[in-house]
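# Remarks on the overall topology
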Amino acid sequence: MTNRVLVVDDDAAVRAALGQTLELADCDAITVGSFVAAKDLITPDFDGVILSDMRMPGRDGFHLLRYVREVDGDLPVILLTGEGDIPMAVQAMGEGAFDFLEKPCASVDLMAVVRRALKTRALVRENRALKSRLESGDPAARMIFGTSPQMEELRARARGVAATGAEVLVTGAPGGGISKVAEVIHLMSPRGQGAFVKRPAAGLTPDGFAGLCREAAGGSLYLDEIAALPSETQYAMLEALEQGLEARVLVGSVADLADEAAQGRFLPDLFYRLDVMRVRIPALSERPEDIPVLFSHYVAQAAEQAGIAAPDIPQEHLAALMAQDWPGNARSLMSAAMRFVLGMPEEAAQSAELGLAEQLAQVERSLLIAALGRQNGHASAAAKALKLPRKTFYDKLARYGIRPEDYRR
């Protein structure tokens, strides 16, 4: 998250005091004495927020606010006001100021507002980056959402696998977008201009499989929930793959296909053939930092579908969403976004009813899972990344019933 704060105040002593307070709170403070000095720093690419005095010689805080709104309407401006300036500050809030603080203000009050503004700015910039990728990137950038390291790794894996031409097994939790990742792999492959034929594996007969292969010739055939493929079709599929097909075969599964084969419920030889290239989609619980960006994107989509303006999303609502496990992954988050747009955000309401300790416990659990996901299930590496003693880390895993082996891929 960005931590840059542009401080604009004509009083040198106040500027120095504000700068010191911000620096002690690990913020990067840039202090200037006038609007003229600040003007060149105020751009749509500025990654921080602005803290400005209301009353300054020449161009005052109102002028600065109006200029910022013209340059970037999403750039937060916090105004510092004297006792007599409060009606002006309220008017400024109506014109788009992020918040105002009465001078002198306590450091704890100042930093609470600044941190809230910085979180808002970071979310805006993440959304813009996501939109830019959607508009200009390749299929992996346009269709696989998320800014976490796990999703960057997933996009890179999809690109690498796409170029091979081999069979691909895409795995993940329910609602994680398995079929979408399979389509990305198809679109980025040498067969990307060919057909992408998508069918459920359940109930598919050998003749039906042969027909689908002909339909997908020159392109890709994707079979969803491959563990449900009837046994006679499994044998037919294995034989067809060994003889060679004109279609590339991609399959998806939320079930552990290796376990299915070990238990005799899936043909082992076919599993080994399909497992040439495996792509695993990390669950939302492994990457809670993606939730605010994804939810904002889904809210915008839902509002467009409903034909209404996208509502503002309070930071408290996003924090409540991050405190949940989301076993339905992206699909359930999309449904939550639609309900939010329609005025029925029950998930956040339920989370908000929890006590502070319970909410913090949920967030802590999510962060532990995210660290394990980033470190491929290696507990020692995850503990080091979180800067926790190994015993403390293992104690926390035991408290929340988290098993590191569940996050190895």
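Quick look at the structure, then. (Residues numbered from 1 in each chain as written. Predicted model: local features only at pLDDT ≥ 70, side-chain atom pairs only at ≥ 80, totals over all residues. Heavy atoms only, no water.)

## What about the overall build of the protein?
Regarding its fold elements, the protein presents 19 helices and 10 strands. Reported as C-alpha extents along the three principal axes, the dimensions of the protein are approximately 85 × 50 × 35 Å. Within the protein, the fraction of its 409 residues that count as buried is 45%. Pairs at least 24 residues apart make up 71% of the contacts formed inside the protein by residues separated by at least 6 positions. Put simply, the protein shows about 19,300 Å² of open surface, and 52% of that area lies on carbon and sulfur atoms. Averaging the locations of the 44 positively and 55 negatively charged side chains of the protein gives two centres separated by 3 Å. (Helix = DSSP H or I, 4+ residues; strand = E, 2+ residues; numbered from the N terminus. Buried < 20%, exposed > 50% of the residue type's maximum accessible area, 1.4 Å probe, protein only. Contact = heavy atoms within 4.5 Å. Areas by Shrake-Rupley, 256 points an atom, 1.4 Å probe, with all protein chains shown as cover. Lys, Arg positive; Asp, Glu negative; His and termini not counted. Charge placed at Lys NZ, Arg CZ, Asp CG, Glu CD.)

## Looking at the nonpolar core
Taken as a class, soluble globular proteins show a tendency for nonpolar side chains to be buried jointly. Leu-223, Ile-226, Met-237, Leu-270 and Leu-274 are the most contacted members of the largest nonpolar core, which totals 27 residues. Looking at this core, the elements with two or more residues in it are α9 (206–215), β8 (220–224), α10 (231–243), β9 (248–253), α11 (257–262) and α12 (268–274). A per-element tally of this core places α10 first, with 4 residues. Each residue touching Leu-270, except ones within four places of it in the same chain, is listed here: Leu-229, Gln-234, Met-237, Leu-238 and Leu-241. Ranked by size, the runner-up nonpolar core spans 22 residues in total, among them Leu-284, Tyr-298, Ala-337 and Phe-340. (Core = buried A, V, L, I, M, F, W, Y, C linked by side-chain atoms within 4.5 Å.)

## Looking at the packing of aromatic side chains
Taken as a whole and assessed by the stated rule, the structure comprises 6 aromatic pairs. Ring centres of Phe-35 and Tyr-67 lie 5.3 Å apart, and the angle between their planes is 80°; on these two criteria the pair is classed as edge-to-face. Of this pair, Phe-35 sits in helix α2 (residues 35–39) while Tyr-67 sits in helix α3 (residues 61–71), and the two are 32 residues apart along the sequence. For Phe-35, a relative accessible area of 6% puts it in the buried group. A centroid spacing of 6.3 Å and a plane angle of 15° characterise the contact between Phe-196 and Tyr-222, whose relative ring orientation is stacked. Here Phe-196, found in strand β7 (residues 196–200), pairs with Tyr-222, found in strand β8; they are 26 residues apart in sequence, far enough to count as distant. (Phe/Tyr/Trp six-rings, centres within 6.5 Å; stacked < 30°, edge-to-face > 60°.)

## Overview of the sheet that holds strand β1 (residues 4–8)
Here we have 5 strands laid out as an open sheet, ordered β2-β1-β3-β4-β5, and parallel in their pairing. On the outer flanks of this sheet lie β2 (28–32) and β5 (99–102), each paired with one strand and no other. Taken over all neighbouring pairs, the strand axes of this sheet differ in orientation by 20° on average, direction set aside. Sheet analysis places strand β3 (residues 49–53) next to strand β4 (residues 77–81), joined by 4 bridges and oriented parallel. Paired with Asp-53 across the two strands is Leu-80, which belongs to β4. (Pairing = 2+ DSSP bridges. Axes fitted to C-alpha atoms, helices over the stretch in contact; angles between N-to-C directions.)

## Some details on helix α7 (residues 149–162)
For α7, which comprises 14 residues, the first-to-last C-alpha distance of 20 Å matches the rise-based estimate of 20 Å (1.5 Å per residue) to within 8%. Taken together, the buried positions of α7 are Gln-150, Met-151, Leu-154, Arg-155, Ala-158, Val-161 and Ala-162. Seen end-on, α7 carries its buried residues on one side only, within an arc spanning 140°. (Expected span 1.5 Å × (residues − 1). Arc of directions from axis to C-beta.)

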